[in-house]
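Architecture and fold: a report
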Amino acid sequence: MSVTFWIPSAARRTVPCEYCEQGWCGTKYGCTGFREESTAPEVNFSNRNACLVLRAMGLPTDDDLCGSLSPNEADKLTEATFPPAYGGTHKRIDRLREVLRYSRDTQQEVVWG
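Residues numbered from 1 in each chain as written. Predicted model: local features only at pLDDT ≥ 70, side-chain atom pairs only at ≥ 80, totals over all residues. Heavy atoms only, no water.

Attention now moves to the overall build of the protein. The number of helices and strands found in the protein is four helices and six strands. Walking the protein from its N terminus toward its C terminus, one meets helices and strands in the order β-β-α-β-β-α-β-α-α-β. Across its three principal directions, the C-alpha atoms of the protein cover 45 × 30 × 25 Å. Out of the 113 residues in the protein, the part that is buried amounts to 35%. (Helix = DSSP H or I, 4+ residues; strand = E, 2+ residues; numbered from the N terminus. Buried < 20%, exposed > 50% of the residue type's maximum accessible area, 1.4 Å probe, protein only.)

Structure (structure tokens):
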């Protein structure tokens, strides 16, 4: 399982379906050859890493690992101190900071789940 942090109200754009481009789907499966994609950054963590990140930000780690932050709350967390990263997690933490800054700058809520 995993947890994604994203901005649900961000503008969307139409992009080519990468699965159609690779020959994996198509109109016989109901695909139009295009899909909608957010213009905002998003980041995904394993459940374990999401718990560590949420704890580092002082946020609850309920069983469902779902929640939201207002833009003002996100602003306060852009400079949160995270535990030492391992593997590729440090790149994801940098990406999470992008999500939080985007929330602050556009005044849109961040959600995770």
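With that out of the way, let us pick up the sheet that holds strand E1 (residues 2-6). On the basis of which strands lie adjacent, the open sheet formed by four strands has the order E4-E1-E6-E5 and antiparallel pairing. Of all strands in the sheet, those with a lone pairing partner are strand E4 (43-46) and strand E5 (67-69), marking the two edges. Going from strand to strand, the sheet's axes swing by 15° on average, the running direction of each strand aside. Of the strand pairs in this sheet, E5 and strand E6 (residues 110-112) are connected by three bridges, and their pairing is antiparallel. Opposite Leu69, over in E6, you have Val110 as the bridge partner. (Pairing = 2+ DSSP bridges. Axes fitted to C-alpha atoms, helices over the stretch in contact; angles between N-to-C directions.)

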